[in-house]
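# Descriptive structure summary
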Amino acid sequence: MSFQIPRGTQDILPGEVEKWQYIEQLARDLCRRYNYQEIRTPMFEHTELFLRGVGDTTDIVQKEMYTFEDRGGRSITLRPEGTAAVVRSFVEHKMYGQPNQPVKLYYIGPMFRYERPQAGRFRQFVQFGVEALGSNDPAIDAEVIALAMDLYQSLGLKKLKLVINSLGDVESRKAHRQALIDHFKERIGEFCADCQTRLEKNPMRILDCKKDRDHELMATAPSILDYLNESSRTYFAKVQTYLTKLGISFEVDPRLVRGLDYYNHTAFEIMSEAEGFGAITTLCGGGRYNGLVQEIGGPETPGIGFALSIERLLAALQAEGISLPLETTLGCYVVSLGEKAKEEVTVLVHALRQAGIAAEKDYQDRKVKAQLKAADRLNAQYVAILGDDELEKQVINVKNMQTGEQTEVSLASFVEYVKQALV
Ligand code: HAM
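Small disclaimer: the values here were computed from a predicted structure and weren't measured.

## A short note on the domain arrangement of the protein chain
Annotation of the protein chain at the domain level lists domain 1 (17-169 + 229-319) and domain 2 (330-421). Just the C-alpha atoms count here: the centres of domain 1 and domain 2 sit 49 Å apart.

## Regarding the nonpolar core
Ranked by internal contacts, the top residues of the largest apolar core, which has 48 residues, are Tyr36, Phe128 and Phe306. Take this core: its biggest share by element is 10 residues, from helix H5 (residues 138-154). If you look at the next biggest cluster of nonpolar residues, it comprises 47 residues, including Val61, Val103, Ala221 and Ile296.

## Let's talk about the sheet that holds strand S7 (residues 160-166)
Strands sit in the order S1-S5-S6-S11-S10-S9-S7-S8 across an open sheet of 8 strands; the sheet is mixed. The sheet is open, and its two borders are formed by strand S1 (37-38) and strand S8 (251-252), each paired with just one other strand. One ladder, built from 7 bridges, connects S7 with strand S9 (residues 264-272); its direction is antiparallel. In the strand pairing of S9, valine 163 is matched with glutamate 269. On top of the sheet, helix H4 (residues 83-92) reaches strand S5 (103-112) and strand S6 (124-133); it is set at about 45° to S6, its chief contact. Set on the sheet, helix H9 (residues 230-245) makes contact with S7, S8, S9 and strand S10 (282-288); between it and S7 the angle comes to about 160°.

## Considering the pattern of salt bridges
Taken as a whole, this structure holds 27 salt bridges when the rule is applied. One connected set of salt bridges, linked through shared partners, spans Asp59, Lys63, Asp194, Arg198 and Lys210.

## What about the sheet that holds strand S2 (residues 44-46)?
Pairing is antiparallel in the open sheet, where 3 strands are placed in the order S2-S4-S3. Sheet topology places S2 and strand S3 (66-69) at the edges, where each strand pairs with a single neighbour. Neighbouring strand axes in the sheet, compared pairwise and without regard to direction, differ in orientation by 30° on average. Sheet topology places S3 next to strand S4 (residues 75-78); 4 bridges connect them, and they run antiparallel.

What counts, and where the lines are drawn
- Residues numbered from 1 in each chain as written.
- Predicted model: local features only at pLDDT ≥ 70, side-chain atom pairs only at ≥ 80, totals over all residues.
- Heavy atoms only, no water.
- Domains from an automatic or database assignment.
- Core = buried A, V, L, I, M, F, W, Y, C linked by side-chain atoms within 4.5 Å.
- Buried < 20%, exposed > 50% of the residue type's maximum accessible area, 1.4 Å probe, protein only.
- Helix = DSSP H or I, 4+ residues; strand = E, 2+ residues; numbered from the N terminus.
- Pairing = 2+ DSSP bridges.
- Contact = heavy atoms within 4.5 Å.
- Axes fitted to C-alpha atoms, helices over the stretch in contact; angles between N-to-C directions.
- Salt bridge = Lys/Arg side-chain N within 4 Å of Asp/Glu carboxyl O.

Rendered as structure tokens:
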């Protein structure tokens, strides 16, 4: 019997995993600079949280959740996204009471959606996301967008498009909702079954329907931007002013509605425009969710954030032909020649490692030549060779692999020598 990995998931093997580590490290460093702190929430939550948070008319909730009953009879769901859980935690730990507001958080971790696997679409994928809770300042909308753009740009990506929209406040949304119902209701029979239920429950979701995308009524549907009230319009204008001041170019697309229910005001996506990137071009999505904290049981608190997957980021790098400056070197490989030397090398390698140096030796009983080859494959910066003769004299030969220079050092000073040499 042989086993295969579940569809839509992937093993990230050595050779590839270094890219992930590099990107994750960069994301952490960016968050440090923008003053966002890490939060880690569980991989699963009570199902109810996502019904409430993400919204029961969304594709995520209706079709894509990994939901099961645990042994205690509770309905549990593997998290399909991070925002609802972060807000749950924010409320549960009363972070709204902390002196430092807004509370600025970030997370990196796997999310799970039962989607049709294809290029850029996985059933388990890793999201890096940030959430800023507690501020209604349009400057923070711009900051969140700037952070996402900063990550992509510092990796060297150039073919990016930032698209923004405003979904307005509750009042604007209400007016737009009615306009959408009026627009679609006569001919709703021509739409898919999902859209027919969306008409009354959440007509804006119709605009995001993958099946009815090409229906003629889509192109003529009322634009949210025409229904924004004064304060929503002012807010959106301010966000745009800030983006411009930060030198971030963008396009306004009134059709951008996002696939989750919690959004209002600013919504945005970052797309890859690289040739051959594939059908799914969205790299990152986010927006403002001013009603969500209340929906989850907390006090009225504004919030904004984004999430992006590392999988799509890697695909964008590949499409633009960018390779990451990965360092995979070993400090020192210690070769042994002879039985006694072999024992001593085990001790020396251990001592190197304890001194903080990445070190390796042979465990396959290989001849010297094969050991040297192994050192080469591992990109060793120094190779030390210990034979029984050297052991007798309590010395060891150390070779700098870059210059070819060889030095004989005493065994007693070996670790210190390598340590100094590597600085
Ligand atoms: P989302 O648009 O559902 O938003 O997902 C955000 C990002 O996650 C996408 O732009 C994409 O990079 C990645 N993603 C989503 N599904 C998949 C998949 N099946 N395979 C690979 N990557 C995927 C959210 O999740 C919101 N929580 C974002 C947010 C945070 N809004 C406010 N704060």
